Amino acid sequence: MVIQRWQTVLLFIAAAVMACFTFIPFGIVTTPDYTFTLTGLGFYEQGIPTDGRPPMVIHTWYLFMLSLTTIVLLLLDIFLFKNIKLQQKVCMVAILFIVAECCVAGLLGFRAIEGGWIYWKTTIICPFIALFSAIFAYYRMAQDYSLLKAADRLR
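As the structure is a prediction and not an experimental result, all values here were calculated from the model. (Residues numbered from 1 in each chain as written. Predicted model: local features only at pLDDT ≥ 70, side-chain atom pairs only at ≥ 80, totals over all residues. Heavy atoms only, no water.)

## With respect to the packing of helix α1 (residues 6–23) against helix α3 (residues 84–111)
Okay, step 1: Close contact between α1 and α3 brings their axes to 13 Å; oriented N to C, the two are set at 25°. As summarised for this structure, α1 and α3 are arranged roughly parallel, according to the angle between their axes. As α1 packs across α3, the resulting crossing turns out to be left-handed. In contact with Gln-7, Leu-11, Met-18 and Phe-21 of α1, α3 contributes Gln-87, Cys-91, Glu-101 and Ala-105. (Axes fitted to C-alpha atoms, helices over the stretch in contact; angles between N-to-C directions. Helix = DSSP H or I, 4+ residues; strand = E, 2+ residues; numbered from the N terminus. Parallel < 35°, antiparallel > 145°, perpendicular 65-115°, else oblique. Left-handed = near helix turned anticlockwise from the far one by under 90°. Contact = heavy atoms within 4.5 Å.)

## Topic: the pairing of strand β3 (residues 42–45)
The side chains of a regular strand alternate between the sheet's two faces.
Okay, step 1: As defined by bridge partners, strand β2 (residues 35–39) adjoins β3 across 4 bridges and the pair is classed as antiparallel. When the sheet's bridge partners are listed, Phe-36 is paired in β3 with Glu-45.
Okay, step 2: Counted along the chain from β2 to the antiparallel partner β3, the turn is 2 residues long.
Okay, step 3: Pairing analysis gives 3 bridges linking β3 to strand β4 (residues 57–59), with the strands arranged antiparallel. The residue bridging Phe-43 from the neighbouring strand is Ile-58, located in β4. (Pairing = 2+ DSSP bridges.)

Now the structure itself:
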């Protein structure tokens, strides 16, 4: 019986989309004095300062580590096909991490720099695509589990 095809594709799509979210800028924050690019690693001042000072950087390592952990969980989940119950648990943890990452990114965009105005880029939809992909993968795992239980009952 061949199973584990669709959830592998869905989990890989979720991991790839989360990798895009991690490494591609997903917002621009403008203040009266500066313009910052928001990425998974933090806020980076756009352009090169002409007054000789170093560019301003505000690091957000917690968002980066949360995103990397999510990617690792999604990729690890692909290879847990021999133990479907464990695969479902890891997928559920990855889903919770994706939700947490959406919340953290939203809070960073709206609250990180006082007096700043956020302009979201289209990359901001990446966690939502990953969330739907991981949820569908979870349901495919549940279908495979019920299919295997039915096949075991027939033997």
